[in-house]
Amino acid sequence: GALKKAGLEREPVVVTDDGDDEREYLPALRVLLECLSQEASLTQLGRLVAQGTMTFSLANRFKLDYLYTQDHNIRKQKVRGPLVILGLARTGTTFLHGLLAQDTASFRCLRHWELMSPIPDKLPGGDDVKTRVAEAKYGLENFMKLAPNFAAFHPMGVDEPEECVVIFQQECAAVSLGVCLNCPGYYKWLLQQDLGFVLRRHRRVLQHYQAMDDRNTKGPPPEGSRRQFVLKTPQYVFMLPELLKEYPDAQIVWTHRAPSEVIVSYLALATKLAGIVTDDVDPSRIASTHLQVLNSGLAKALKDRENLEKKGFRDNFCDVHFTRLCQEPMAVVRQIYRHFDKKLSAEAEGKMETYLKNNKRYKHGKPLVDLKGTFGVTESDMKAAAGFAEYTKVYIQPQTTSNTEENPERAT
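Analysis parameters
- Residues numbered from 1 in each chain as written.
- Predicted model: local features only at pLDDT ≥ 70, side-chain atom pairs only at ≥ 80, totals over all residues.
- Heavy atoms only, no water.
- Helix = DSSP H or I, 4+ residues; strand = E, 2+ residues; numbered from the N terminus.
- Buried < 20%, exposed > 50% of the residue type's maximum accessible area, 1.4 Å probe, protein only.
- Contact = heavy atoms within 4.5 Å.
- Areas by Shrake-Rupley, 256 points an atom, 1.4 Å probe, with all protein chains shown as cover.
- pLDDT = per-residue confidence, 0-100.
- Patch = residues over 30% accessible without salt bridge, like charges linked within 9 Å, V, L, I, M, F, W, Y side chains within 5 Å.
- Salt bridge = Lys/Arg side-chain N within 4 Å of Asp/Glu carboxyl O.
- Phe/Tyr/Trp six-rings, centres within 6.5 Å; stacked < 30°, edge-to-face > 60°.
- Lys NZ or Arg CZ within 6 Å of the ring centre and 35° of its normal.
- Axes fitted to C-alpha atoms, helices over the stretch in contact; angles between N-to-C directions.
- Parallel < 35°, antiparallel > 145°, perpendicular 65-115°, else oblique.
- Left-handed = near helix turned anticlockwise from the far one by under 90°.
- Nonpolar A, V, L, I, M, F, W, Y, C, P; charged D, E, K, R; others polar.
- Pairing = 2+ DSSP bridges.
- Core = buried A, V, L, I, M, F, W, Y, C linked by side-chain atoms within 4.5 Å.

**Observations concerning the overall build of the protein**
So, step 1. Scanning the protein from terminus to terminus reveals 20 helices and five strands.
So, step 2. Looking at the protein residue by residue over its 412 residues, the buried ones come to 53%.
So, step 3. Put simply, 80% of the contacts in the protein that link residues at least 6 apart link residues at least 24 apart.
So, step 4. When the accessible surface of the protein is summed, it comes to about 19,000 Å², and 49% of that surface belongs to carbon and sulfur atoms.

**Some points on the confidence of the model for the protein**
So, step 1. On average, the protein scores 88 in pLDDT, and the residues at 70 or more come to 89%.
So, step 2. Note that residues 400-412 has pLDDT below 50 and, in this model, 37 contacts with residues that lie over four places away or in other chains.

**Concerning a nonpolar patch on the surface**
So, step 1. A surface patch of nonpolar side chains, about 250 Å² in accessible area, is lined by Leu-45, Leu-48 and Leu-146.
So, step 2. Here Leu-45 is to be found in helix 3 (residues 44-70).

**What about the packing of aromatic side chains?**
So, step 1. Counted by the stated rule, this structure contains five aromatic pairs.
So, step 2. Ring centres 6.1 Å apart and planes at 40° place the aromatic pair Phe-95 and Tyr-355 in the tilted group. Taken together, the residues Phe-95 in helix 5 (residues 93-100) and Tyr-355 in helix 17 (residues 346-358) connect sequence positions 260 residues apart. Taken as a pair, Phe-95 and Tyr-355 share a single burial class, namely buried.
So, step 3. Across the ring face of Tyr-68, the terminal group of Arg-204 is positioned such that the distance to the ring centre comes to 5.2 Å.
So, step 4. In this arrangement the basic side chain of Arg-257 is found over the ring face of Phe-322, its NZ or CZ atom lying 4.0 Å from the centre.

**Quick notes on the side chain of Arg-257**
So, step 1. Structurally, the position occupied by Arg-257 is in the loop between strand 4 (251-256) and helix 13 (259-277).
So, step 2. Look at Arg-257 and you get buried, because its relative accessible area is 11%.

**Let's talk about the pattern of salt bridges**
So, step 1. Per the stated rule, a full pass over the model turns up 26 salt bridges.
So, step 2. Here Glu-114 and Arg-108 are joined by a salt bridge, their closest N and O atoms 2.6 Å apart. Take Glu-114 and Arg-108: they sit in the same class, and that class is buried.
So, step 3. Of the charged contacts in the structure, one is a salt bridge between Glu-306 and Lys-303, with a shortest N-O distance of 4.0 Å. Highlighted residues: Glu-306 and Lys-303, both in helix 14 (residues 283-313), separated by three residues, approximately one helical turn.
So, step 4. Take Lys-303: its relative accessible area is 46%, and that puts it in the partly exposed class.
So, step 5. Put simply, Arg-61, Asp-65, Glu-171, Arg-201 and Arg-204 are held in one network by salt bridges that share partners.

**Brief notes about the packing of helix 14 against helix 20 (residues 386-396)**
So, step 1. The contact between helix 14 and helix 20 brings their axes to 7 Å, and the two run at 45°. The orientation of helix 14 with respect to helix 20, classified from their angle, is oblique. The crossing of helix 14 and helix 20 is left-handed. Where helix 14 abuts helix 20, its residues Leu-291, Leu-294, Asn-295, Leu-298, Ala-299, Leu-302 and Arg-305 lie against Ala-386, Gly-387, Phe-388, Glu-390, Tyr-391 and Tyr-395.
So, step 2. Counted by class, the contact of helix 14 with helix 20 contains nine nonpolar, two polar and two charged residues.

**A look at the environment of Thr-43**
So, step 1. Tracing the sequence through the fold places Thr-43 in the loop between helix 2 (26-38) and helix 3.
So, step 2. When the C-alpha atoms of Thr-43 and Val-277 are compared, they prove to be 5.9 Å apart, with 234 residues separating the residues in sequence.
So, step 3. In this view, Thr-43 contacts Ile-276, Val-277, Thr-278 and Asp-279; residues no more than four positions away in its chain are not counted.

**Focus: the pairing of strand 5 (residues 317-321)**
So, step 1. Of all five residues in strand 5, four are buried, a share of seventy percent or more.
So, step 2. In terms of strand pairing, strand 4 meets strand 5 through five bridges, oriented parallel. Within strand 5, the residue paired with His-256 across the bridge is His-321.

**Some remarks on the sheet that holds strand 4**
So, step 1. Taken in spatial order, the five strands line up as 2-3-1-4-5 in an open sheet, and their pairing is parallel. A strand with exactly one partner marks an edge of an open sheet, and here the two such strands are strand 2 (107-108) and strand 5.
So, step 2. Bridge count between strand 1 (residues 83-86) and strand 3 (residues 228-232): three bridges; the pairing is parallel. Following the sheet pairing, Leu-83 is matched in strand 3 by Val-230.
So, step 3. Helix 11 (residues 196-216) contacts strand 2 and strand 3 of the sheet and is inclined by roughly 135° relative to strand 3.
So, step 4. Its contacts with the sheet put helix 20 on strand 4 and strand 5, and the angle it makes with strand 4 is roughly 110°.

**Some details on unusual backbone geometry**
So, step 1. For Ser-41, which is not glycine, the phi torsion reads 50° and is therefore positive.
So, step 2. Tracing the chain through its elements places Ser-41 in the loop between helix 2 and helix 3.
So, step 3. Ser-41 sits in the partly exposed class, given a relative accessible area of 42%.
So, step 4. Backbone geometry at Cys-172 places phi at a positive 55°, although glycine is not the residue there.
So, step 5. Here Cys-172 falls in the buried class, since its relative accessible area comes to 0%.

**Some thoughts on the nonpolar core**
So, step 1. Grouped together as the largest cluster of nonpolar side chains are 95 residues, with contacts concentrated most on Leu-86 and Tyr-236.
So, step 2. A total of eleven residues in this core trace back to one element, the largest contributor, which is helix 13.
So, step 3. Beyond its immediate chain neighbours, meaning those up to four positions away, Tyr-236 contacts Val-84, Ile-85, Leu-86, Cys-164, Phe-168, Leu-199, His-202, Leu-231 and Leu-243.
So, step 4. Grouped together as the second largest cluster of nonpolar side chains are 23 residues, Leu-99, Val-230, Leu-325 and Ile-336 included.

Pasting the structure below:
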C-alpha cells in the first residue's frame, strides 16, 4: 500500500559507501506490527488510523529515498550541526521552537506542511505549494476532529514549525507511535535500542530540504551564510549519544521542568491520544507504563549527558528552565544566543515579541487533570522513582524559582 501511494513499483534501497543496505527500519516495523496485533486492542477506527499512519509515513520514506538515489544535488549537501530543542514532553519545547523560528534570517525550521508533503510535484517547487499546504491542512483538520481540544495540550498549525517525530515515524522508530497507537511494548523496546540509524537517515532528509531551498533560490547561498536548522522533539532526550555522534557540532537547548508538573500533563495527553484508537483506556495502567519508561529513560539521559560532557561536549548544551521561559521568554532567548555566540537582530527580536503577543499560555484552553485522582499516582510514587529524583536534584532544586502559575502567560 505504501509503495502504491508513493507511485513506485519497488522499494528504493539506499546503499552506504560501505555497501550496507539502509533498510534498518524493518526490525522496528516488525515489533510495532506485533504490538499492534497483540496489545493495542484497536477499534475499527483505531485500525484505520494505524494503517493510515504507517502507510503515509512509509510512502513518504520511499519517495524521499527514491529522490535521494536519483539526485546528486541532494547527496552532495553539507548539513551543519542543527540547533536542537529537547526536553521531556510538556516542558515548553513547542513554544520555544516557535519562538526561535521567528528569526528567519538565522534559522530554518521544518514546517508542518512540508514535512507532511516533502516532495514537490514540480521542481523547483512553487506551483504546487498551495496544493501541498491544502493537503496538509485537510489532514490536520481531520486529526483535530478525532481529538477535540487537542490544541490545549499541543498547539499545531499547517504553517507552524513541526517536530522531527514525523521523520522518525518514517523509520518506524518514534516514541509517538507507541503513545498514539496504544503500544507500550513497542515504546519500551524502542528506548532500549541504538537509534543511530534514525539519525543517519535524518541527515539525508535535511539534505533533501536544503537542496529544495537551493532550487527555489536558484542556487546555494554564499559560503558560511546558510541558515541553521532549528529542530525539536522530546524523543531526542533519549538519544543524546546518537544525536552527537551524527551531529558533533549540534547546539542543544534542554528545557527543564519539575517532573511532577510534567507527568500530570503528559499522562493526560497520552490518555487522550490512546482514546482515539482504543476503547480499552485505563488511566492507571497508562500511568504505570509511562512512569516506568520515562523514569528509566530520564536516568539514562542523565548518565548519557555526564559521559558526553566528559568527552568534551559540555558546551554543546544550554539549559533552560520552564518557569523562566514562562516569565521571561526573551531573557531565555538572549541566554541561548549568548551561549552559542549568536547575534539577535532587532528585526528578529521584533518578530519574537509579536509571536509572544499572539501565543499566550492557555490560548487554546487549559487541560484540567488530577495526578492522584485520575491516574492514581501519588507524591510518594514520584519520589520513589530514582530517575525523577536524580533529575530533580541536578536540574530543578538548584534553581531559585517561583510558582509558574504566578505568571501563567506563556509556554506550553
